Amino acid sequence: MPQFSDVALPVPLDMVFTYAIPEGMEPVVGGRVLVPFRQQRMSGIVVELHDRPPQENASHIKIKKVLEALDLAPALDEHLLKLGKWIADYYLAPVGEVFRTMLPLSAEFKRAVTYRITEEGRMALHLAGMSGSPARSKRTPDQQLIEFRVLDYLAERESVREGSLRAATRVGKALLGGMVRKKWVVREDVSAARHSARLVRVAVLLRAEERLEASPPPDGPETRPHLNLAPAGVVPKKLNDNQRALIDTLAAAGGRVPVDALRNLEVPHSTLGTLVRRGLVRLVDEPQEFTASKLKPRPSPFDFEFSTAQKEALRKIGAAVAARKFSGLLLHGITGSGKTAVYLACMRQVLDEGRSSILLVPEIGLTPAVAADLHQVFGDEVAILHSGLSNAERAEQWHRIRRGEARVVAGTRSAVFAPVRDLALIIVDEEQDSSYKQEETPRYHARDVAVMRAKMADAVVVLGSATPSLESYYNARKNKYRLIELPDRVEKRPLPEVEIVDMRLEFQETGQEQVISRKLAAEIRERLEKKEQVMVLLNRRGYSPVVLCRACGKTLQCENCAVSMTHHKREHKMECHYCGYVARIPEKCAHCGSEYVYFVGTGSEKLEELLHGMFPQARIGRLDRDTVRGREDFEHALNALNEGRLDMLVGTQMIAKGHDIHGVTLVGVIGADMALGLPDFRAAERTFQLLTQVAGRAGRGNSPGKVILQTYFQDHYAVQFAAQHDFAGFYEKELQFRAWMHYPPYSAIANVLIRSEKLEEALTWSGELGRWLEKTRHEGIRVLGPAAAPITRLKRDYRYHFILKSPSREKMNALLRAMLAEAAARKIPRTQVIVDVDAVWLM
Ligand SMILES: [Zn+2]
Ligand SMILES: [Zn+2]
C-alpha cells in the first residue's frame, strides 16, 4: 500500500493536500476519506496514492494522517475524476469544490460537535494530582470536581462527541463552555463520518467486463451485461468448493447479497476475502433500503407517431450512438416541432441496448407531468433529479444510478454528473437556457460539461433548442456539431402572426404612458368574447419596480444592494429581488422626509390588477415566482388553463418556457424588450429567445393564433427577426455584432469580479490587480476594467470587475491563473476574487 494520499478538500484553495495513510487502511483513488484540516474533520476525495514524501517533512511540519477511509470503491470513477479535473482547470475552480458539487452525498455526513483536551487541560489535570486521586476531591469545590471528571474522560480519548461526553460525565453545556474559555478543552464543529441512512456492507459479484484485470476474460462472444450474472461460463476455473458455493449464491441472488446474509452459508468467512482479493467479488457499503436486487420487467414500449423529420432525426442520432464514438449534434426544432418525443425515443433505444443516457432540462422544465411521461416510458429504470429532492433523496438516487438500477437519468444542471454506467447519450434540452450555468463556485456550464463528458466517454451529445445559443449554432455552422433541423410544427400547424405595436407612438397618440395598448386591449376583448384564451407576458414580478420621491428624486434602494426595492402590494412589503431583503412600505422619503413618494412602473402583480379592472368578467391567473413556490404550483396553473378554468394567464418568462399549452389564441407581450437597455452583450440574444418562445405558445389546432408585441425598440433587429420567426436572419446579424465587439463565439470571455463589504478593499484590490494586468504582457487578450460592476453593490459587497476577451482560451486561462497567483501573493482572499469563465451574466 502506498504511504501517502493526495486529497482534494472542499475549501477555496487551488491545491490538494497530502496525508499519511495509517497501517492497515486502504483508501482508493476516487474514494472519500475523512481527514483533519485546520481544527476540523473534513471529507475529501483521494486523487492520488503515492510514496513521495511531501516536502513539508523537511521543515518539521508533521504530516497528518487520514482518519478514515469512507469508501471501499471509488465514489467518483476514473471518468468522473477526469471530468472534475477538467472543470477545475477550465473554470479555474478549486478541484475539491468541484468534486463536492459532483457528489451529492453530503446527507451521509452529519455535522457534529466534539470536544478534545488541550495541553493546558492536561497540565491542569496533572497539577491537580494523579487522576482519580482521593486527595484532589477533598480540596476542590464541586464544580472543579466535575471539570476534572470531564478532563479525565477526555484525557483517555482523542475526540469525543458532545452527546457522548455529556452522557458519560453528566455535565451541562455551560460548564463545558467555561472549560473552553479556560482553554482546557477545545470545541470543534466537525463533519463526522456518520451515515444518516444505515449502511450495509454488500458483496457484489463482478461482471465479466468489470474484472478483466483480475481474471482471464470469459470465452465466447460478449453477452449483454446483465446476462453475465449467470454462473455458467463466467466463473473461471480453479475455484474450490467453498468459493464456488459462494459465487453460486451471489449469482442466484442477482449478483448482490449483504455480507451478513452470507454468514449463514456453510463456508469459512475467509472465503469471501479470497474472492475479493482475486477480483471476483467487490464489497461496497450501501444504504440499507437499496440492498434488495430490483430486476423488474420493463414497461411496454411507448408509441410515438413521428413525422418524416422526426424519424430522420431519430435515425441520425441512433446511427451516431451506434458508432460508439464522440459526436455532437445540434437539434434545432422550432417550438411545437416534437423534440421531446425524439429525445424519449432515442433514450428508449439506448436503454434497450443495455446502455445509459442522461437528459438535462432547465430548472423549470422538470414538471411533474414531464416526470410522469418519463416514468411511463422508462418505468423504474429512470432516476429523476430535481431541485425539490432532499439531500438524502438525492443520495439515494445517486446510489441507484451508480448500481446500474437506473440507466436513464433526467434532471437539472448537476444531473450531468450522474454516475451512470456505459454512458451512450447525453441530451441537453433548451441548451441556450441560462440556468445551465451555475452562478456559484464552480461556475460550470452544464451544457459545455455535457459535451466534454460525452467526448471523454466516446458518447453522443445532442443539444436541442428552438432558439439555439449563438455559440452552439456557430459550432454547427463550423461543422463542430452536426445540425439536425425540425423545421415544421407537428401536423404542419402554422406559426402565429406577430404584430408589433410601437409604444412611443401609443404615447404620442394617447398622451399617456400606457401599459396595455389600445390594440392589445381590443384583441383581448375579442378573444374573450369568443371564449378563447389569452396569455400576457410581462417579465418583471411584483407590483411596482421603483419607489420614487418627487421632492428629491431619490429612489428607495435595498440596504444590501445598489438596486431599487420592488413594491409587492398583496404581501404589503418592499422586496429586493437580488438578495431577498424585505422592508416596510415607506410613507415618507428616507432621504428628505417628504411625503411625496410615488410607486413607479408595472410588474406582473399590477398587470394582473389592471387586466381585472379592464375585464372584470375574465378569470385571470398569474404565474411568476411569487405565485409559484414549487413544481406543483406551476403545473396547477397550466392545468387550470388547459382545462378551461382560466380565461387569461399573466406572468413572467415562466409562461414562455416550452410547455404544452393548447388553447391560447392570443399572446400579448409587454416590455419583453426591457432587457435591450441593459449593458449586457447577450441582451439581444435573450430578447430574441424570449420573444420566440412566448410566440410559440400561441395557436390552437389549425388556428395559428396571434401575438401582439408591444415595444419601445420597434426597429431593433431582435424584435424584428422574432416577429418574422427568422432565426437565421437574427443569427447572421447578431454574429456581425459579436465579431465587431470581440464577443463569443469569436472570443472566449471571462468576467473577474473583485468584491468586499469594505469599499476601500474592493477599490484597492481591483486597483492593484489592474496595475498588475497593465504591466503584464498579454498579447492577444483584451482587458477591460477595472470598472464598477453594473450592479455596484450586491448582498452587502461592493463590486468591481474586469472583462477579459481573447480568441485564445489557453492564453486567457494562463493569464487568469497568473492573476490568481498574484492575488494570493497580495493576500487578497480567494473567495473575494471571482473568476467566471464563459460568463453568462456580466451584471
Ligand atoms: Zn425625498
Ligand atoms: Zn438587496
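Everything here concerns the structure above.
From a predicted model like this one, the values you see are computed outputs, not experimental measurements.

Explanation requested: a nonpolar patch on the surface in the structure shown.
Where nonpolar side chains cluster on the molecular surface, the patch consists of Tyr-596, Tyr-598 and Val-600 and spans about 290 Å² of accessible area. The exposure class assigned to Val-600 is partly exposed, which follows from its relative accessible area of 32%.

Mind showing me how you'd approach the coordination of the zinc ion (ligand 1) here?
Coordination angles at a metal have ideal targets, namely 109.5 degrees for four tetrahedral donors and 90 or 180 degrees for six octahedral donors. Looking at the zinc ion (ligand 1), the protein donor atoms are Cys-549 (SG), Cys-552 (SG), Cys-589 (SG) and Cys-592 (SG), and they sit 2.3 to 2.4 Å from it. Of note is the zinc ion (ligand 1), whose four donor atoms meet at the metal with angles of 107 to 115° in an arrangement that counts as tetrahedral. Summarised as a motif, the one-chain spacing of the donors to the zinc ion (ligand 1) is C-x2-C-x36-C-x2-C. Pair noted here: Cys-549 is in strand β21 (residues 546-549) and Cys-592 is in the loop between β24 (582-583) and β25 (597-600), with a separation of 43 residues, a long-range link. A relative accessible area of 2% means that Cys-549 is categorised as buried.

Just to check I follow, could you spell out the environment of Val-186 for this structure?
Take Val-186: it is sitting in strand β8 (residues 185-192). Sequence separation between Val-186 and Ile-117 is 69 residues, and the spatial gap between their C-alpha atoms is 6.5 Å.

I tried to follow the packing of helix α5 (residues 142-155) against helix α7 (residues 173-181) on my own but got confused; where do I start?
The description of two helices packed together rests on the angle between their axes and the distance between the axes. Close contact between α5 and α7 brings their axes to 11 Å; oriented N to C, the two are set at 75°. The orientation of α5 relative to α7 falls into the category roughly perpendicular. Where α5 abuts α7, its residues Gln-143, Ile-146, Glu-147, Val-150 and Leu-151 lie against Leu-175, Leu-176 and Met-179. The class makeup of the residues in the contact of α5 with α7 is six nonpolar, one polar and one charged.

Hey, could you run me through the coordination of the zinc ion (ligand 2) in this one?
Each protein donor to the zinc ion (ligand 2) is listed here as Cys-558 (SG), Cys-561 (SG), Cys-576 (SG) and Cys-579 (SG); together their distances run 2.2 to 2.4 Å. Geometry at the zinc ion (ligand 2) is tetrahedral, judged from the four donor atoms that bind it and their angles of 101 to 115° at the metal. Along the chain, the residues donating to the zinc ion (ligand 2) fall in the pattern C-x2-C-x14-C-x2-C. Here the residue Cys-561 occupies a position in the loop between β21 and β22 (566-568), and Cys-576 occupies one in the loop between β23 (573-575) and β24, the gap between them amounting to 15 residues. With relative accessibility at 1%, the residue Cys-576 sits in the buried group.

Help me out: how do you make sense of the pattern of salt bridges in this one?
Oppositely charged side chains may form a pair once their charged atoms are brought near each other. Counted according to the given criterion, the structure contains 48 salt bridges. Here Asp-89 makes a salt bridge to Arg-817, at a shortest N to O gap of 3.1 Å. Residue Asp-89 is located in helix α1 (residues 78-90), and its partner Arg-817 is located in helix α25 (residues 809-825); the two are separated by 728 residues in the primary sequence. Take Asp-89: its relative accessible area is 44%, and that puts it in the partly exposed class. Of the residues examined, Arg-817 reaches a relative accessible area of 37% and is grouped as partly exposed. A salt bridge links Glu-779 to Arg-777; the shortest N-O distance between them is 2.7 Å. For the pair Glu-779 and Arg-777, one class covers both residues: exposed. Overlapping salt bridges, with partners in common, bring together Glu-497, Glu-499, Lys-519, Glu-523, Arg-527, Glu-532 and Lys-706 in one network.

Where do I start with helix α8 (residues 241-252) in this structure?
Residue pairs three or four apart in sequence face the same way in an α-helix, which turns once every 3.6 residues. Between its terminal C-alpha atoms α8 stretches 16 Å, which fits the 16 Å expected from 12 residues at 1.5 Å a residue. For α8, the full list of buried residues reads Gln-243, Leu-246, Ile-247, Leu-250 and Ala-251. The buried residues of α8 all sit within an arc of 135° when viewed along its axis, so they share a single face. Counted as exposed and oriented over 90 degrees from the buried face of α8: Asp-241 and Ala-252. Its side-chain oxygen 3.1 Å from the backbone nitrogen of Asn-242, Asn-240 forms the N-cap of α8. After α8 finishes, the residue Gly-254 shows a positive phi value of roughly 85°.

I would appreciate a short explanation of the sheet that holds strand β4 (residues 40-50) in the present structure.
Within a sheet, each strand pairs with its neighbour through backbone hydrogen bonds, oriented either parallel or antiparallel. What the five strands build is an open sheet, ordered β2-β1-β4-β3-β5; its pairing is antiparallel. Looking at strand neighbours, the two that pair on one side only are β2 (17-20) and β5 (68-69), the edges of this open sheet. By the bridge criterion, four bridges tie strand β1 (residues 4-8) to β2 in an arrangement that is antiparallel. Looking across to β2, one finds that Val-7 is bridged to Phe-17.

Is there a simple way to think about the packing of aromatic side chains in this case?
Here the distance between the centres and the angle between the planes together describe a pair of aromatic rings. Scanning the entire structure with this criterion turns up 15 aromatic pairs. Look at Phe-688 and Phe-727: their rings are 6.1 Å apart centre to centre, the planes differ by 55°, and that puts the pair in the tilted class. In this pair, Phe-688 is assigned in helix α21 (residues 683-695) and Phe-727 in helix α23 (residues 727-741), connecting sequence segments 39 residues apart. Each member of the pair, Phe-688 as well as Phe-727, carries the same accessibility label: buried. Considering the side-chain rings of Phe-737 and Tyr-743, the 6.4 Å spacing of their centres and the 35° angle between planes classify their relative orientation as tilted. Judged by relative accessible area, which is 25%, Phe-737 ranks as partly exposed. Judged by relative accessible area, which is 11%, Tyr-743 ranks as buried. Connected via pairs of aromatic rings, a cluster forms that spans Tyr-473, Phe-688, Tyr-717, Phe-727, Phe-730 and Tyr-731.

Rules and cut-offs
- Residues numbered from 1 in each chain as written.
- Chains lettered and ligands numbered in written order.
- Predicted model: local features only at pLDDT ≥ 70, side-chain atom pairs only at ≥ 80, totals over all residues.
- Heavy atoms only, no water.
- Patch = residues over 30% accessible without salt bridge, like charges linked within 9 Å, V, L, I, M, F, W, Y side chains within 5 Å.
- Areas by Shrake-Rupley, 256 points an atom, 1.4 Å probe, with all protein chains shown as cover.
- Salt bridge = Lys/Arg side-chain N within 4 Å of Asp/Glu carboxyl O.
- Buried < 20%, exposed > 50% of the residue type's maximum accessible area, 1.4 Å probe, protein only.
- Donors = N, O, S within 2.8 Å, 3.2 Å for Na, K, Ca; no water.
- Tetrahedral: all angles 85-135°; square planar, octahedral: opposite > 155°, others 65-115°.
- Helix = DSSP H or I, 4+ residues; strand = E, 2+ residues; numbered from the N terminus.
- Axes fitted to C-alpha atoms, helices over the stretch in contact; angles between N-to-C directions.
- Parallel < 35°, antiparallel > 145°, perpendicular 65-115°, else oblique.
- Contact = heavy atoms within 4.5 Å.
- Nonpolar A, V, L, I, M, F, W, Y, C, P; charged D, E, K, R; others polar.
- Expected span 1.5 Å × (residues − 1).
- Arc of directions from axis to C-beta.
- Polar contact = N/O pair within 3.5 Å; in protein donor to acceptor, adjacent residues only side chain to side chain.
- Pairing = 2+ DSSP bridges.
- Phe/Tyr/Trp six-rings, centres within 6.5 Å; stacked < 30°, edge-to-face > 60°.

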